[in-house]
Amino acid sequence: MNKGFTQRLAVFLLCTPSIVLANASKNIATPHINDVYTPTEIPRITSKIVVDGIIDESSWGKARRFLVNNVTFPHENILAPVQTEAFMMEDGDTLYVAFKAYDPEPTKIRAFLRDRDKNWNDDLVGLKIDSFNDDTLAYQFFINPLGTQTDSIENALTGRESSAWNGIWDSAGQITDFGYTVEIAIPLRILNFNDRLDIQQWGYELVRFYPRDERLRISNAKMDQGNECWVCQMPTIEGFKGAKQGKNLTLVPTLVSGTTETRDINTSGNTVALGEWESESNTDVGLDLKWGITPDVTLNATLNPDFSQVEADSGQLNVNNTFALFTPERRSFFLANEDYFSTPINLVYTRNIQDPDYGGKITGKVDDHAFGAFVADDKTALFLLPGNLGSNVFEIEEKTTNGAFRYNYTVNDDLNVGATTTLRKNDSYHNYLTSVDTRYQPNQNNRLNIQLLSSDTYLSQRYVDEIKNSGNYSSEQSLRAEQINGTDIAYRIHYNHMNRDWFFNATHMNIGENFRADLAFFNNTDHQKSVLGGGRIWRGDDNNWWTRMQLAGDVDWTYNQNGEKIEQEAELYLNVNGPKQSFFRHGFTTRTKVGNRIDDSSLQIEGNTEEFDEYEFTSWLEFKPNSHIWVGNFFKLGKGIDYSNSRLSDVMVWEPKVTWHLNKHMETRLAFTFSNMHYNSKEIYTANLIDFRLSYQFSIRSFLRLSIVGYDINRQLENYDPLVQEELRDDFNSQFKSVSTQLLFSYKVNPQTLFFVGYSDGGYQDDDLTRLTKDTRSVFLKMSYAWMM
């Protein structure tokens, strides 16, 4: 191990914040979760309910009543400061839930009109349902006092939540003189459950979020914070005698129309010639289908789909970065039941599929068996060219078939095993991947995940030569083009221990030189990485200004397959939850890391790279000074590698963010990123990003949104290394600016019956242009209607 790194690591581990430890509260005794939950029967009614947020029908008098009065986070199982009543009943087709949320100061209720899935910071009430009662997945339904909906699926196996799932259900809310009321109607046909059973038994939890000085999570159940699986701790309801899911057939025809105009900008000397605007129009009709083939199996299909992104992606700066950037998926077909494809290493990144003509997906769960499969074509094949020091994107202009299959078997409460395969194939290329994984959890405090993967890749010599000779890729990707063809393996072993106050984890990941996962966002290859980490959690009481504190850190070592060191790193961070819903995280990281290869014709690392000793201090702070404003701020300061010049430089990053609700209808969000690098007090570059969103929500169904994303990057090329200046002048502009704007109107009856119309444009300025010049503009319309049968 590097001697300098060892010395810094020793100092790093010894210099823990002893003052924090000395002043932390004494260990709080772990509560006994000793309530024996027996199934609670949900009564059946015969009359219909009008979902208007007013709990006035006589049938509510027959409903099962629950008290939601136990704070589960950030405190652990203490009496809630506010009273909440919940009521549940069903009619064989629909589950009805109502809440009476009492508040001593109703004027402080936080509720704004928002788009779907955007109300997470408001006052909320809701319901979680594990409809198979197998501690695997839980549907989540949350509603704010004005009736705005949020739904998602919690995956207990991966520990992740996905807001991609969008069910069609009804809700309404009313603010009253005592607080607020909410009514919910959830059609049983939107849930997957075993309708071969005469009586259903489902896991459930009733939850209220109460955001004031603290953001309290209040439940009808007790939750052990030492057990990561909260789905596993939910009590049980029973009823729904003879409930059936029915045909559950939904047809969604879509109409998409738009016109895009582009023009060339030609520069020669001091002369700028703007080409004529060239117009391209397109109108398409498509069809989406969802069919519950059986109560356990669902088919999603799409023909001639519009797979464009309707809303603008968030801006990301890409300066001094050797790896490709990740952009999240937003398209509904790929998001449908995406949790069925989840694995510890995510193997499906559908943004790689750009322009398909068709797609089909089948998912299901039968007893202890769950499965998912999809296939979609594409006009091209887009994938990452991975390496151990960088990655890049390559595209093959040939029609490609894409597919994935996932199977998971729940052996018992402690053990799950699964298998996944993905493929991408055309006449000049293929990538096949096979994976097996297992999760073993002998008790609530310990979990072991193991995943083994194998890949087989072929790329025709024509495209190998294109990568090597085009000059568009780094030397590493050009050299690794020769390694694309062939087979290889990868594996990951992860162990996690967690109790109420302490946690520990260990991970080892090994990826072969020729391993590829081209349907995934997999930008590393030829490396072995080991990580050891852990930490301590404290919980505050009435005598502390803070409510929760966590001190944690880890060390890791990364080598290539030849045992050559790539990186050694240690980090320590402190998390604190405090007043005004504040959260801050301060951290320190030290690492020894290799820079660029000296000899571009060799993949060797030892003797072919220079080691640099990086360090950085980071700080993240967020808080809500009042119900209308949220403020966040990230700051980083330290020494980092300047990859353009292969030297260690001073780095500073500042990222303030603010969200301001001017009133119940209008919201503005502003995110700013400032990134700066200096070498020997001389500026190398300064990069700025502004991401501005202004929304006016007419109702819970419609909004108008303006989005502006702008970049401004200035490079002081005269301060670059003289040995690389000439080459860099061909790669970089000393000044580059760009601005893209979008104006979007949306009307949604539900997630599938909707209407969009919008306008967008974009332009740029570089060394050859004296001002921002537009080179693209477009108008677009999209509408769809869900026919449910």
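Let us look at the structure shown here.

Reading the values: the criteria
Residues numbered from 1 in each chain as written. Predicted model: local features only at pLDDT ≥ 70, side-chain atom pairs only at ≥ 80, totals over all residues. Heavy atoms only, no water. Phe/Tyr/Trp six-rings, centres within 6.5 Å; stacked < 30°, edge-to-face > 60°. Helix = DSSP H or I, 4+ residues; strand = E, 2+ residues; numbered from the N terminus. Buried < 20%, exposed > 50% of the residue type's maximum accessible area, 1.4 Å probe, protein only. Polar contact = N/O pair within 3.5 Å; in protein donor to acceptor, adjacent residues only side chain to side chain. Contact = heavy atoms within 4.5 Å. Salt bridge = Lys/Arg side-chain N within 4 Å of Asp/Glu carboxyl O. Pairing = 2+ DSSP bridges.

## Quick look at the packing of aromatic side chains
Then comes step 1: For the structure shown, the criterion picks out 26 aromatic pairs.
Then comes step 2: On the basis of an interplanar angle of 65° and a centroid distance of 5.8 Å, the ring pair of F383 and F394 is categorised as edge-to-face. Placement of the pair is F383 in strand β23 (residues 381–385) and F394 in strand β24 (residues 392–396), with a sequence separation of 11 residues. The pair formed by F383 and F394 is uniform in burial state, with each residue classed as buried.
Then comes step 3: Measuring from centroid to centroid gives 5.1 Å for Y696 and F698, while their planes differ by 65°, and the two rings are edge-to-face.
Then comes step 4: Judged by relative accessible area, F698 falls into the partly exposed class, the value being 42%.

## Some remarks on the side chain of S171
Then comes step 1: Mapped onto the secondary structure, S171 falls in strand β11 (residues 170–175).
Then comes step 2: Given the relative accessible area of 14%, S171 is considered buried.
Then comes step 3: From its side chain, S171 meets the backbone oxygen of G147 in a polar contact 3.2 Å long.
Then comes step 4: When residues no more than four places from it in sequence are discounted, the contact partners of S171 are V51, I143, G147, Q149, E183 and I184.

## Section: the pattern of salt bridges
Then comes step 1: Here the structure, examined in full by the defined rule, presents 40 salt bridges.
Then comes step 2: For R212, the salt bridge identified is with D103, shortest N-O distance 2.6 Å. Of the two residues, R212 sits in the loop between β13 (200–211) and β14 (215–219) while D103 sits in the loop between β6 (94–102) and β7 (124–130), which places them 109 residues apart along the sequence. Assigned by exposure class, R212 and D103 land together as buried.
Then comes step 3: The salt bridge partner of E398 is R462, with a shortest N-O separation of 3.9 Å. Within this pair, whereas E398 is found in the loop between β24 and β25 (400–410), its partner R462 is found in helix α4 (residues 461–469), the two being separated by 64 residues in sequence.

## Regarding the pairing of β25
Side-chain direction in a regular strand flips from residue to residue, so the side chains alternate between the two faces of the sheet.
Then comes step 1: Two strands pair when backbone bridges link them, and strand β22 (residues 369–378) and β25 are joined in this way by 10 bridges, in the antiparallel orientation. Bridge pairing in β25 places D377 opposite T401.
Then comes step 2: Inspection of the sheet shows β25 paired to strand β26 (residues 415–426) by 10 bridges, in the antiparallel sense. Looking across to β26, one finds that Y409 is bridged to V417.

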